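# Report on the structure
Letter by letter, the chains look like this.
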Amino acid sequence: MGFTALDYQARCKAYGIDPGPVDGIWGPRTREAVQRLQEKEGARRPEDLFHPSGLHRIIMHWTAGAYGDIALERQSYHLLIDQHGRGIPGIYAPEANANTSDGRYAPHTRALNTGSIGVALDAMAGARESPFDPGSAPITDDQERGLINEVADLCRTYDIPVSRWTVLTHAEVQPTLGVWQRNKWDIRWLPGYPGVKDAVEIGDVLRAKIKAQLS
């Protein structure tokens, strides 16, 4: 399986090694950062920096649907979190997204499905960004807790470090990784917030809770 320059840049960033801009372009700084990370991790080959499955990123979503999973949602995400915080497996296992060339994978994130696990809160039907309205199926506290638990478990399983570049919300994909996402704003609201927040701010809140769960 092949990893892109963006994948390596994100991995280096996650481990505190600066590859330069996270822009998906191979350059001397990126090559040097990969070499430094190999030395740090004792990896013989660059691809050994990743889990053998090839999965290296988790993207968190909401379905923008009503409570209660449907076939389209199960096809689009590897895992759904219902309003009670329970995890519902999608049609495709995460490993299906290690290589998307056969067309049999969960298409959760535009132009960033390869290597990415998609987890979605089954919520936010009819939600409006501005003026903010959470719609008829707002995210519940149980759902948020379920998301934290499930993502932490996926991080353990696939050796995915918790960072802005490797565990992020759909709304963070464009500003953080530079991959255009058609103005997606999930997840920019959580229970207890009066309105939407900056994507990275909400992402940092979730990552802090995931890290706490892992520790």
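Residues numbered from 1 in each chain as written. Predicted model: local features only at pLDDT ≥ 70, side-chain atom pairs only at ≥ 80, totals over all residues. Heavy atoms only, no water.

We now examine the overall build of the protein. The helix and strand tally for the protein stands at six helices and five strands. For 215 residues, the compact-globule formula gives about 17 Å, and the C-alpha radius of gyration of the protein, at 17 Å, lands near that figure. When its C-alpha atoms are laid out on the principal axes, the protein stretches across 50 × 35 × 35 Å. The buried share among the 215 residues of the protein stands at 52%. For the protein, the proportion of contacts with a sequence separation of at least 24, taken over those separated by at least 6, is 60%. (Helix = DSSP H or I, 4+ residues; strand = E, 2+ residues; numbered from the N terminus. Rg over C-alpha atoms; globule rule 2.2 N^0.38 Å. Buried < 20%, exposed > 50% of the residue type's maximum accessible area, 1.4 Å probe, protein only. Contact = heavy atoms within 4.5 Å.)

Quick look at the pattern of salt bridges now. One pass over the structure, following the stated rule, counts 14 salt bridges. Notably, a salt bridge pairs Arg45 with Asp48, separated by 2.9 Å at the nearest N-O pair. What makes Arg45 partly exposed here is its relative accessible area of 35%. Asp48 gets classed as partly exposed once you look at its relative accessible area, which sits at 33%. Salt bridges linked by common partners bring Arg164, Glu172, Asp204 and Arg207 together as one network. (Salt bridge = Lys/Arg side-chain N within 4 Å of Asp/Glu carboxyl O.)

Here we take up the sheet that holds strand 1 (residues 57-62). One open sheet holds the five strands; their spatial order is 3-2-4-1-5, and the pairing between them is mixed. Two strands lie at the open edges of the sheet, namely strand 3 (87-89) and strand 5 (167-169), each paired on one side alone. Here the strands of the sheet are splayed against their neighbours by 25 degrees on average, with no regard to which way each runs. One ladder, built from three bridges, connects strand 2 (residues 79-81) with strand 3; its direction is antiparallel. Paired with Leu80 across the bridge in strand 3 is Ile88. Running at roughly 110 degrees to strand 5, helix 5 (residues 170-177) makes contact with strand 1 and strand 5 of the sheet. (Pairing = 2+ DSSP bridges. Axes fitted to C-alpha atoms, helices over the stretch in contact; angles between N-to-C directions.)

Attention now goes to the packing of aromatic side chains. Per the counting criterion, the structure on display carries seven aromatic pairs. Where Trp62 meets Trp185, the ring centres are 4.9 Å apart and the plane angle is 85 degrees; that geometry is what we call edge-to-face. Of this pair, Trp62 sits in strand 1 while Trp185 sits in the loop between helix 5 and helix 6 (199-214), and the two are 123 residues apart along the sequence. Plain terms: the ring middles of Phe132 and Trp189 are 5.5 Å apart, the flat faces sit at 35 degrees to each other, and that makes the pair tilted. Here the residue Phe132 occupies a position in the loop between strand 4 (116-121) and helix 4 (141-158), and Trp189 occupies one in the loop between helix 5 and helix 6, the gap between them amounting to 57 residues. You can call Phe132 partly exposed: its relative accessible area is 22%. Members of the aromatic cluster, connected to one another through ring pairs, are Phe3, Tyr8, Trp26 and Phe50. (Phe/Tyr/Trp six-rings, centres within 6.5 Å; stacked < 30°, edge-to-face > 60°.)

Another aspect to go through is the pairing of strand 1. Among the six residues that make up strand 1, six are buried, leaving the element largely enclosed by the rest of the structure. The alternating pattern of strand 1 places Arg57, Ile59 and His61 on one face and Ile58, Met60 and Trp62 on the opposite face, and all of these are buried. Judged from the six bridges that link them, strand 1 and strand 4 form a sheet pairing that is parallel. The residue of strand 4 that forms the bridge with Arg57 is Ser116. One ladder, built from three bridges, connects strand 1 with strand 5; its direction is parallel. By the bridge assignment, Ile59 is partnered in strand 5 with Leu168.

On to the packing of helix 4 against helix 6. Contact pair helix 4 / helix 6: the axes reach a minimum separation of 9 Å and the direction vectors enclose 60 degrees. Taken as axis vectors, helix 4 and helix 6 run oblique relative to one another. Every pair of crossing elements has a handedness; the one defined by helix 4 and helix 6 is right-handed. Note on element contacts: helix 6 touches helix 4 through Leu206, Lys209, Ile210, Gln213 and Leu214, opposite Glu144, Leu147, Ile148, Asn149, Val151, Ala152, Cys155 and Arg156. Here the residues of the contact of helix 4 with helix 6 sort into eight nonpolar, two polar and three charged. (Parallel < 35°, antiparallel > 145°, perpendicular 65-115°, else oblique. Left-handed = near helix turned anticlockwise from the far one by under 90°. Nonpolar A, V, L, I, M, F, W, Y, C, P; charged D, E, K, R; others polar.)

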